[in-house]
Amino acid sequence: MAEFDPEKFEDKYANYFTELQRTYKQAFETMNDRYDSELVHAIDQQILAESEPFYEGDGEFRIELPDDPTDRLSGVLVVDDEKVETVLDRYVEEIEAEIRSVFGLND
């Protein structure tokens, strides 16, 4: 477990790149086991690849998604926006939980 420093997180890719890679990978594996793997892979590659984690304080993180995330999915699936949004929301929650876990900030 990496020691977390909120100030160092402002330059997260220089200070915590390995930890963040691990959190996204672990979240992907969890989601891939529980949901349609084609949809999870599409969300990972076409939406979350452009996301960015931010530290909100008090052990909480926020994942900022690109604009119009459901519109970014192309050529892979025929899935309604509601299903994409549900799986995406759950995926983001999983990433945030993994980040808290990696940094020992679980409730």
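Just so we're clear, the structure is a prediction, and the values are computed from it rather than from any experiment.

Caption draft 1: Representation of the overall build of the protein chain. The helix and strand inventory of the protein chain stands at 5 helices and 2 strands. The order of α-helices and β-strands along the protein chain, N terminus first, is α-α-α-α-β-β-α. In terms of C-alpha radius of gyration, the protein chain reaches 14 Å, essentially the compact-globule figure of 13 Å for 107 residues. Taken along its principal axes, the extent of the C-alpha atoms in the protein chain is 40 × 25 × 20 Å. Relative to its 107 residues, the protein chain shows a buried fraction of 39%. Long-range pairs, those at least 24 residues apart, make up 69% of the contacts in the protein chain between residues at least 6 apart in sequence. Accessible area for the protein chain stands at about 6500 Å²; split by element, carbon and sulfur atoms hold 39% of it. Within the protein chain, the 30 negative side-chain charges are centred at a point lying 5 Å from the centre of the 10 positive side-chain charges.

Caption draft 2: Representation of helix α5 (residues 81–102) within the structure. Taking 1.5 Å of rise per residue, 22 residues should cover 32 Å, and α5 covers 31 Å from first to last C-alpha, within 8% of that figure. The set of residues buried in α5 consists of Val 84, Val 87, Leu 88, Tyr 91, Val 92, Glu 94, Ile 95, Glu 96, Glu 98, Ile 99, Arg 100 and Val 102. Lining the buried residues of α5 we find α3 (17–34), α4 (37–46), β1 (52–57) and β2 (60–64). Just past α5, the residue Gly 104 takes up positive phi, approximately 65°.

Caption draft 3: A look at the nonpolar core. Ranked by internal contacts, the top residues of the largest apolar core, which has 24 residues, are Ile 43, Leu 48, Tyr 91 and Ile 95. Elements that contribute at least two residues to this core include exactly α3, α4, β2 and α5. At 7 residues, α5 tops the list of elements feeding residues into this core. If near-sequence neighbours (up to four positions away) are discounted, Ile 43 is found in contact with Leu 48, Leu 73, Val 84, Val 87, Leu 88 and Tyr 91.

Quick notes on the rules
- Residues numbered from 1 in each chain as written.
- Predicted model: local features only at pLDDT ≥ 70, side-chain atom pairs only at ≥ 80, totals over all residues.
- Heavy atoms only, no water.
- Helix = DSSP H or I, 4+ residues; strand = E, 2+ residues; numbered from the N terminus.
- Rg over C-alpha atoms; globule rule 2.2 N^0.38 Å.
- Buried < 20%, exposed > 50% of the residue type's maximum accessible area, 1.4 Å probe, protein only.
- Contact = heavy atoms within 4.5 Å.
- Areas by Shrake-Rupley, 256 points an atom, 1.4 Å probe, with all protein chains shown as cover.
- Lys, Arg positive; Asp, Glu negative; His and termini not counted.
- Charge placed at Lys NZ, Arg CZ, Asp CG, Glu CD.
- Expected span 1.5 Å × (residues − 1).
- Core = buried A, V, L, I, M, F, W, Y, C linked by side-chain atoms within 4.5 Å.

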